[in-house]
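# A structural walkthrough
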Amino acid sequence: IVYIQNSENTSPRINYAQFNADLGYHDTVLNYKVNKIEYSLCYTSLDSMKQPSGIYYARWQIHVNNSLGTNPKNISSWAYDCTNPVWSPDGRYIAFNRDKPGNNGLDRDIYIYDTFRDTLIPIAYSDSCDESIAIWTPDSQNLIYYARSYITATTETYIINLQDKVSRPLKYPVVYMSSDRYNFYYPVTNSQYNLGVYHSNMDGTLNEFIIDLKTFVKSGGISIYDYDPYKNKFLLSLDDPSTALPNCIATYDINQGRLDTVAVS
């Protein structure tokens, strides 16, 4: 009888299986097709959660499910709202925000759910972790997040390593990570002189203004969705009601300094 089980490094996870097989003395490896991944979806949904007072309230909770939607599971199970789930690139972890009562209202912490071990890992505490979605490094070993302090009324960028739980501040905000885990990009929309995209790195030794968008955006916002390192192109969304393109998705060619509209709303 052959047993198949998950180990700590199994990726993707497989369902527990047991079957009969005729084995010879030298048969050490079996061909086994993984045809079902246990969890492939993650989303927020309202659940009735018991409060410390004993009363039940509807709270946003984090759920995982299979691709058929037949195996829902609440992975947060918390008395207050849990929001903004983000998969790690390797599919093992899910980072999310978890609210809790604080001295100045509701604080917001960051937790990580380990799908391999079915455990929750507390990651970041502060007066309030900002609602901005956390960003994973491509190796799934570090998490970048924003923490806002009620005391100083400022928002800082941090990166924390999952292995040693050591957190350190970053000099510049991170919006899009390069695959080398060292370079990143972020937009600036609060200055008419520097309206565009910056390129920086983990050490904070570089802060390069690479895209000037003040011709296209006057008072709205810029979002970075993707970057093509081979063609040196960004996929952006622009939101500016004062221009002829109030809401649009566009590509920006850094080499040619050209903005091409993909779709306009």
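In this report, the structure presented in the accompanying data block is examined. (Residues numbered from 1 in each chain as written. Predicted model: local features only at pLDDT ≥ 70, side-chain atom pairs only at ≥ 80, totals over all residues. Heavy atoms only, no water.)

## Some words on unusual backbone geometry
Glycine aside, a negative phi is what most residues show, and trans is what most peptide bonds show. Within the chain, Asn-84 stands out as a residue other than glycine whose phi angle is a positive 55°. Within the secondary structure, Asn-84 sits in strand β6 (residues 82-87). Judged by its relative accessible area of 22%, Asn-84 falls in the partly exposed class. A positive phi is found at Arg-181, a non-glycine position, where the angle reads about 65°. By secondary structure assignment, the location of Arg-181 is in the loop between β15 (176-177) and β16 (183-188). (Helix = DSSP H or I, 4+ residues; strand = E, 2+ residues; numbered from the N terminus. Buried < 20%, exposed > 50% of the residue type's maximum accessible area, 1.4 Å probe, protein only.)

## Structural notes on the pairing of strand β14 (residues 167-170)
As judged from the 4 bridges shared by strand β13 (residues 154-161) and β14, these two strands associate in the antiparallel manner. Paired with Thr-157 across the two strands is Leu-170, which belongs to β14. In textbook terms, the turn of a hairpin is the stretch between consecutive antiparallel strands, and for β13 and β14 this stretch comprises 5 residues, one of which, Lys-165, has a positive phi near 60°. (Pairing = 2+ DSSP bridges.)

## As for the sheet that holds strand β17 (residues 196-201)
Taken in spatial order, the 4 strands of this open sheet run β15-β16-β17-β18, and their pairing is antiparallel. Looking at which strands have only one partner, the edges of the open sheet turn out to be β15 and β18 (207-212). One ladder, built from 5 bridges, connects β17 with β18; its direction is antiparallel. The partner of Tyr-198 across the bridge, within β18, is Phe-209.

## With respect to the pairing of strand β21 (residues 247-253)
As paired elements, strand β20 (residues 233-239) and β21 share 7 bridges and run antiparallel to each other. Note that in β21 the partner of Phe-234 across the bridge is Tyr-252. Relative to strand β22 (residues 258-264), β21 runs antiparallel, the two being bridged by 6 bridges. Its bridge partner being in β22, Ala-250 is matched across the sheet by Thr-261.

## Thoughts on a nonpolar patch on the surface
Taken together, the side chains of Tyr-225, Leu-235, Ile-249 and Val-262 make up a nonpolar region of the molecular surface, amounting to roughly 370 Å² of accessible area. Its location among the elements puts Tyr-225 in strand β19 (residues 221-228). A relative accessible area of 54% means that Tyr-225 is categorised as exposed. (Patch = residues over 30% accessible without salt bridge, like charges linked within 9 Å, V, L, I, M, F, W, Y side chains within 5 Å. Areas by Shrake-Rupley, 256 points an atom, 1.4 Å probe, with all protein chains shown as cover. Salt bridge = Lys/Arg side-chain N within 4 Å of Asp/Glu carboxyl O.)

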